[in-house]
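What follows is each chain in one-letter form.
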Amino acid sequence: MRYSGFQVIKQALTGHKGWTPAWRDPDPQPHYDIVIIGGGGHGLATAYYLAKEFGQKRIAVLEKGWIGGGNVGRNTTIIRSNYLLDGNEPFYEFSLKLWEGLEQDFNYNAMISQRGILNLIHSDAQRDAFIRRGNAMILNGADAEMLTTEQIKARYPYLNTNDARFPIKGGLAQHRGGTVRHDAVAWGYARGADSRGVDIIQNCEVTGFKQENGRVVGVETSRGYIGAGKVGCAVAGSSSRLMSKIDMQLPMESHVLQAFVSEGLKPVMPGVVTFGAGHFYCSQSDKGGLVFGGDLDGYNSYAQRGNLPVVEDVCEGGMAIFPAFGRARLLRMWGGIMDMSMDGSPIIDRTHIDGLYFNGGWCYGGFKATPASGFCFAHLLARDEPHPTATAYRFNRFETGHMIDEKGMGNQPNLH
Amino acid sequence: MIINHPLLGPRDSAEFTYMGDAKLIDRPDWQSDTAARDFYEYGYLRDNPAGWHNELWFHEQGDRSWLVVTRNTVTHEISKVELARDVARARGRSK
């Protein structure tokens, strides 16, 4: 069923009895051309673009729990393309352009809101660095604008610009950035993929890979063996866990990142503000809750929950620039497992085993990348060559020294 | 998390800085024929297990000793804490 205003009126007049499930719940077939492991945003987007853009048939998405229950349901919903390096910026700008047309493309309301993102600066050196970043963005076809403190205060009059340690001296704005209803992204891609014949198989955990003559020919799952022409892995924080089943070590560590929502408030935050120096960023959801987050807890974790010192640290960061928010009560908080790579940038590549492809290492930037990640991974799976915007995301860059390290932190995943 | 420091007793993990997998104690031989490959694996590849993990913690806000902590990455339970110095010496390092 195609969703439209007409359908809403028609269903309203007929008692809403005509709505059908947004996707089927099929049993696995014995063999597929392409099996995607991971029914999160990236896996579902991959299946969607494989079917829609690359004309592939007989595709399955295997999810160990329910779709959209991992990081696509655990993030802070921000989209942006404000990267500096050549390996990254074209990819993230491609992603932002896909976001801009996504709702029409997959006929689902993902509540994409280009309310703008603002990165605060506190010193002359940081201003120079952000002007450079803004120029790199513009060179790659993105938008960027340096704002003065006065321009920022006009938008955020309650912002504390006179903090003793980090006075606000301006900011880098990307007006096309914004927020998205994150669950709707998973649901929209799932519905779009399902309607094009993709089997989305939930409660189906991959327990092993089957190889013949050095080639992956299928996967063992909790719902039986499933043969596959090609297997693509897109399981984010569980990447090392999955790939260890085929004895592959990855250049990454899994870390927990916490996020927080306050009680609902009247509209107060018109856009997204990031306070990098104090490790705090914030936006307001359409329901009114302040959605905010900060740093990783900093140690390897698969627990999907964090500890209290980081809660305190994030809230202190928030109080430093938004003292008024101290009156808001914290409603809930949660943790997601980040696939933190060794240079802070992702991998979309073949593995050394034929028929096995990998997508991961998204660190805490995976949500905004969802459309381009799916598109580029689908491109790689369908054509066996990387998409032009994702040519740098190779496994071997750590061996050849072609790291994509936006922050210059080196091989310390908890610092990216 | 509380880390039971072998010398100082129970300490808040917030006093520590996290380094990562304790295999970083075993630095490869730079004169080996396979040194380039060995250092790539040492520098960049990790087991990253879900479960028990030996890892290096630095007591930065305390006595500045390096510890090897055996911790479960699923439950955050800590089963063993040793001085990294003792672990390295037991493996024949820094005699």
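Residues numbered from 1 in each chain as written. Chains lettered and ligands numbered in written order. Predicted model: local features only at pLDDT ≥ 70, side-chain atom pairs only at ≥ 80, totals over all residues. Heavy atoms only, no water.

(A) Just the overall build of chain A, in detail. When helices and strands are counted, chain A shows ten helices and 18 strands. For 416 residues, the compact-globule estimate of 2.2 N^0.38 gives 22 Å, and the C-alpha radius of gyration of chain A, at 21 Å, lies within 12% of that figure. Along the longest, intermediate and shortest principal axes, the C-alpha atoms of chain A span 65 × 65 × 40 Å. Among the 416 residues that make up chain A, the fraction classed as buried is 58%. Counting only carbon and sulfur atoms, one obtains 52% of the accessible surface of chain A, whose full area is about 16900 Å². Charge separation in chain A, taken as the distance between the mean sites of 41 positive and 41 negative side-chain charges, equals 6 Å. (Helix = DSSP H or I, 4+ residues; strand = E, 2+ residues; numbered from the N terminus. Rg over C-alpha atoms; globule rule 2.2 N^0.38 Å. Buried < 20%, exposed > 50% of the residue type's maximum accessible area, 1.4 Å probe, protein only. Areas by Shrake-Rupley, 256 points an atom, 1.4 Å probe, with all protein chains shown as cover. Lys, Arg positive; Asp, Glu negative; His and termini not counted. Charge placed at Lys NZ, Arg CZ, Asp CG, Glu CD.)

(B) Up close: the overall build of chain B. Within chain B, the regular secondary structure consists of two helices and six strands. With respect to the principal axes defined by its C-alpha atoms, chain B has extents near 45 × 30 × 20 Å. By residue count, 45% of the 95 residues in chain B fall in the buried class. Of the roughly 5300 Å² of accessible surface on chain B, a fraction of 48% belongs to carbon and sulfur atoms. Both charge centroids of chain B, one from 13 positive and one from 15 negative side chains, sit 3 Å from each other.

(C) Main features of a nonpolar patch on the surface. All names here are of chain A. Taken together, the side chains of Met 1, Val 8 and Trp 19 make up a nonpolar region of the molecular surface, amounting to roughly 270 Å² of accessible area. Within the secondary structure layout, Trp 19 lies in the loop between helix H1 (5-13) and strand S1 (31-37). The partly exposed category is assigned to Trp 19, whose relative accessible area is 34%. (Patch = residues over 30% accessible without salt bridge, like charges linked within 9 Å, V, L, I, M, F, W, Y side chains within 5 Å. Salt bridge = Lys/Arg side-chain N within 4 Å of Asp/Glu carboxyl O.)

(D) Fine view of unusual backbone geometry. Phi is positive for Thr 77 of chain A, close to 65°, though the residue is something other than glycine. Along the chain, Thr 77 of chain A turns up in the loop between strand S2 (59-62) and strand S3 (78-79). Positive phi values are uncommon outside glycine, yet Asn 48 of chain B reaches one of about 50°. Topologically, Asn 48 of chain B is positioned in the loop between helix H1 (35-44) and strand S4 (52-58).

(E) Molecular detail of the layout of surface pockets. Residue and element names in this part refer to chain A. Volume-wise, the second largest pocket comes out at about 580 Å³. For the lining of the second largest pocket, the secondary-structure elements that each account for two or more residues are helix H6 (182-195), strand S12 (252-264), strand S14 (280-284), strand S15 (289-300) and strand S16 (330-341). The leading source of residues in the lining of the second largest pocket is S12, at four residues. Residue classes in the lining of the second largest pocket are distributed as six nonpolar, eleven polar and eight charged. (1 Å grid on protein atoms, 1.4 Å probe; cavity = no way out; pocket = protein on both sides within 12 Å on 5 of 7 lines; lining within 4 Å. Points joined across faces, edges and corners; volume = space filled by probe spheres on them. Nonpolar A, V, L, I, M, F, W, Y, C, P; charged D, E, K, R; others polar.)

(F) Broad picture of helix H8 (residues 308-321) of chain A. All names here are of chain A. With 14 residues, H8 should cover 20 Å at 1.5 Å per step; its first-to-last C-alpha distance of 21 Å lies within 8% of that length. Burial in H8 covers these residues: Val 310, Val 311, Val 314, Gly 317, Gly 318 and Ile 321. Down the axis of H8, the sector holding all buried residues measures 130°, keeping them to one side. Those residues of H8 that are buried are in contact with strand S4 (117-121), S12, strand S13 (272-275), S14, S15 and S16. (Expected span 1.5 Å × (residues − 1). Arc of directions from axis to C-beta. Contact = heavy atoms within 4.5 Å.)

(G) Fine view of the sheet that holds strand S6 (residues 170-174) of chain A. Residue and element names in this part refer to chain A. Pairing within the open sheet is mixed, and its eight strands lie in the order S5-S6-S4-S13-S14-S15-S12-S16. Bordering the open sheet on either side are strand S5 (145-147) and S16, each of which pairs with just one other strand. Looking at each pair of strands side by side, their axes are set apart by 25° on average, direction ignored. With five bridges joining them, S4 and S6 adopt antiparallel strand pairing. Across the sheet, Ile 117 pairs through a bridge with Gln 174, a residue of S6. (Pairing = 2+ DSSP bridges. Axes fitted to C-alpha atoms, helices over the stretch in contact; angles between N-to-C directions.)

(H) The domain arrangement of chain A, seen in detail. Residue and element names in this part refer to chain A. When its domains are assigned, chain A resolves into domain 1 (26-77 + 183-251 + 343-415) and domain 2 (109-178 + 253-341). A straight line from the C-alpha centre of domain 1 to that of domain 2 covers 28 Å. With 26 residues of domain 1 in contact, the opposing surface of domain 2 contributes 25 residues. Summed over both partners, the interface of domain 1 with domain 2 buries about 2100 Å², with 52% contributed by carbon and sulfur atoms. The largest share of the area that domain 1 buries against domain 2 comes from Arg 74, Thr 76 and Pro 413, three residues that together contribute 32% of it. Taken together, the connections running from domain 1 to domain 2 amount to one salt bridge. Between Glu 406 and Arg 133 there is a salt bridge, with its nearest N and O atoms 3.6 Å apart. In this assembly, domain 1 and domain 2 are joined by 13 residue pairs in polar contact (both at pLDDT 80 or more). (Domains from an automatic or database assignment. Buried area = accessible area lost by both parts, 1.4 Å probe. Polar contact = N/O pair within 3.5 Å; in protein donor to acceptor, adjacent residues only side chain to side chain.)

(I) How the structure looks around the interface of chain B and chain A. Counting from both sides, the interface comprises 25 residues of chain B and, opposite them, 26 residues of chain A. Summed over both sides, the interface between chain B and chain A buries roughly 2200 Å², with carbon and sulfur atoms accounting for 49% of that surface. Our count for the contact surface shared by chain B and chain A stands at two salt bridges. Its salt-bridge partner being Arg 46 of chain B, residue Glu 253 of chain A comes within 3.8 Å of it at the nearest N-O pair. Our count for the chain B to chain A interface comes out at 14 residue pairs in polar contact (both at pLDDT 80 or more). For the side of chain B that touches chain A, the secondary-structure elements that each account for two or more residues are strand S3 (17-21), H1 and S4 of chain B. Each residue belonging to the side of chain B that touches chain A can be placed in one class, and the counts come to eleven nonpolar, seven polar and seven charged.

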